[in-house]
Amino acid sequence: MALKFGLLKEEITLQKNRLHMVASAQHFSDSAVHHAKEEKARRAALVTWIGAPAYEVDLNAATKHHYAGTCEWILKKPQYMEWHGRRDNPLFVIYGIPGAGKTILSSWLIREATKEAATSGQVVLYHFFKASDDSKRTPLAAVRSLLEQLYDYLRRSNEDILKEFEQQLDSLLEKAHDATFPSLWFIFSSILPKINQSLSISDRAGIIIMLDALDECKGSKPLVRELHKLVRSSSGSISILVTSRKSGEHVDEFARVPENERL
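Residues numbered from 1 in each chain as written. Predicted model: local features only at pLDDT ≥ 70, side-chain atom pairs only at ≥ 80, totals over all residues. Heavy atoms only, no water.

Novice: Whenever I open this one, unusual backbone geometry confuses me. Can you help?
Specialist: Negative phi characterises most residues that are not glycine, and trans characterises most peptide bonds. Its identity is not glycine, yet A213 carries a phi of approximately 60°, on the positive side. Here A213 is to be found in the loop between β3 (207–212) and α8 (221–234). Even without being a glycine, S235 presents a positive backbone phi close to 55°. In this structure S235 comes out as exposed when scored by relative accessible area, which is 57%. (Helix = DSSP H or I, 4+ residues; strand = E, 2+ residues; numbered from the N terminus. Buried < 20%, exposed > 50% of the residue type's maximum accessible area, 1.4 Å probe, protein only.)

Novice: Sorry, what's going on with the packing of aromatic side chains here?
Specialist: For any two aromatic rings, the description comes down to two numbers: the centre-to-centre distance and the angle of the planes. Applying the stated criterion across every chain, the model contains eight aromatic pairs. For the pair Y55 and Y126, a centre-to-centre distance of 5.6 Å together with 85° between the ring planes defines the contact as edge-to-face. With Y55 in helix α2 (residues 55–64) and Y126 in strand β2 (residues 123–128), this pair connects stretches of sequence that are 71 residues apart. One exposure class covers both Y55 and Y126, and it is buried. For Y126, a relative accessible area of 7% corresponds to the buried category. Clustering of aromatic rings is evident, with ring pairs tying together Y55, Y126 and F128. In this structure, R155 is placed above the aromatic ring of Y151, and the distance from its NZ or CZ to the ring centre is 4.4 Å. (Phe/Tyr/Trp six-rings, centres within 6.5 Å; stacked < 30°, edge-to-face > 60°. Lys NZ or Arg CZ within 6 Å of the ring centre and 35° of its normal.)

Novice: Can you help me understand the sheet that holds strand β1 (residues 91–95) in this one?
Specialist: Backbone hydrogen bonds are what pair the strands of a sheet, in a parallel or an antiparallel way. The sheet built from four strands is open, its strands ordered β1-β4-β3-β2 with parallel pairing. Strand pairing shows two members of the sheet lacking a second neighbour, β1 and β2, which therefore form its edges. When the angles between neighbouring strand axes are averaged without regard to direction, this sheet yields 10°. With six bridges joining them, β2 and β3 adopt parallel strand pairing. Of the residues in β3, the one forming a bridge with F128 is D212. Helix α7 (residues 181–199) rests against β2, β3 and β4 (238–244) of the sheet, and its axis sits at about 135° to β3. (Pairing = 2+ DSSP bridges. Axes fitted to C-alpha atoms, helices over the stretch in contact; angles between N-to-C directions. Contact = heavy atoms within 4.5 Å.)

Novice: Could you clarify how one ought to interpret the packing of α2 against helix α4 (residues 102–120) in this entry?
Specialist: A pair of packed helices can be characterised by two numbers: the angle between their axes and the separation between those axes. Interaxial distance between α2 and α4 falls to 8 Å at its minimum, and their mutual angle equals 110°. The angle between α2 and α4 places the two elements in the roughly perpendicular class. Of the residues in α4, those touching α2 at L59, N60, A62 and T63 are T103, I104, S107, I110 and R111. Partitioned by chemical class, the residues of the contact of α2 with α4 number four nonpolar, four polar and one charged. (Parallel < 35°, antiparallel > 145°, perpendicular 65-115°, else oblique. Nonpolar A, V, L, I, M, F, W, Y, C, P; charged D, E, K, R; others polar.)

Novice: I tried to follow the packing of helix α5 (residues 139–157) against helix α6 (residues 159–175) on my own but got confused; where do I start?
Specialist: Interaxial distance between α5 and α6 falls to 7 Å at its minimum, and their mutual angle equals 140°. In terms of their interaxial angle, α5 and α6 are classed as oblique. The handedness of the crossing between α5 and α6 is left-handed. Together, L147, L150, Y151, L154, R155 and S157 of α5 and E159, I161, L162, F165 and E166 of α6 make up the contact between the two elements. Looking at side-chain class alone, the contact of α5 with α6 contains seven nonpolar, one polar and three charged residues. (Left-handed = near helix turned anticlockwise from the far one by under 90°.)

Novice: In this structure, what is going on with the pairing of β3? I would like to understand it.
Specialist: For β3, a buried count of six out of six residues is recorded, marking the element as mostly surrounded by other parts of the structure. Side chains I207, I209 and L211 project from β3 onto one buried face, and the interleaved I208, M210 and D212 project onto a second face that is buried too. Strand direction decides the pairing type here: β3 and β4, joined by five bridges, are parallel. Considered in β4, the bridge of L211 is made with V242. In the classification by handedness, the crossover that spans β3, the intervening α8 and the parallel β4 is right-handed. (Right-handed = clockwise from strand over helix to strand, strands pointing away.)

Novice: Sorry, what's going on with the pairing of β2 here?
Specialist: With respect to burial, β2 is a largely interior element, six of its six residues being buried. Neither face of β2 is exposed, since V123, L125 and H127 on one face and V124, Y126 and F128 on the opposite face are all buried.

Everything listed here is a matter of geometry and, on its own, says nothing about what the molecule does.
So, in structure tokens, the structure goes:
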């Protein structure tokens, strides 16, 4: 009888331990789920605060108007070949008259660059300026688009830089409810070198930025000046391609771009 009682007591103790372990595991699981929900909500709030316009809509809309083979001529242009294949011509400006198909060309180049990036590891960022849309026609609109794409890339690719990026966004959000072009551009430009270092791409630019229809940007001079600073400080690790009419306040700013880097 004493033996049976002892075995029963051991079984009860064992069952208690098992229940405790299950309860602890459930608590850990519940905490992890709660933390994941909080993290998802926090990141959603940051994306909302960045406030990027619908850049993918513009890319898809322009792509629908592209006909096979119609944009491939650009690949044979010496100016494009130097920009695409070398690090010493990081800024390339394509001018065109109204209705020449600059936006369709931009969308095709973005698609092609994105395809290459799938194997090269490069990062491709873009924005379409729209004079008829207040949410897309300012330097602030452009940096919002670029920042959200960068955020999406970091969430998928680099947890360490992501944490620093989010800390900068959180800090700015706490200080100012409304974002400004200078404040967002500071975060954007300061995080790019860290991303480039993580890419380990030596033969070409690690980051490609494409901006379509710069002539439709209202107040473009601050943006153009920052683009110049960006390429000067990046030592060829950042390449920028811009399409535009040869009119507007930005043209004087681009006058310093050498002839072999304009088309």
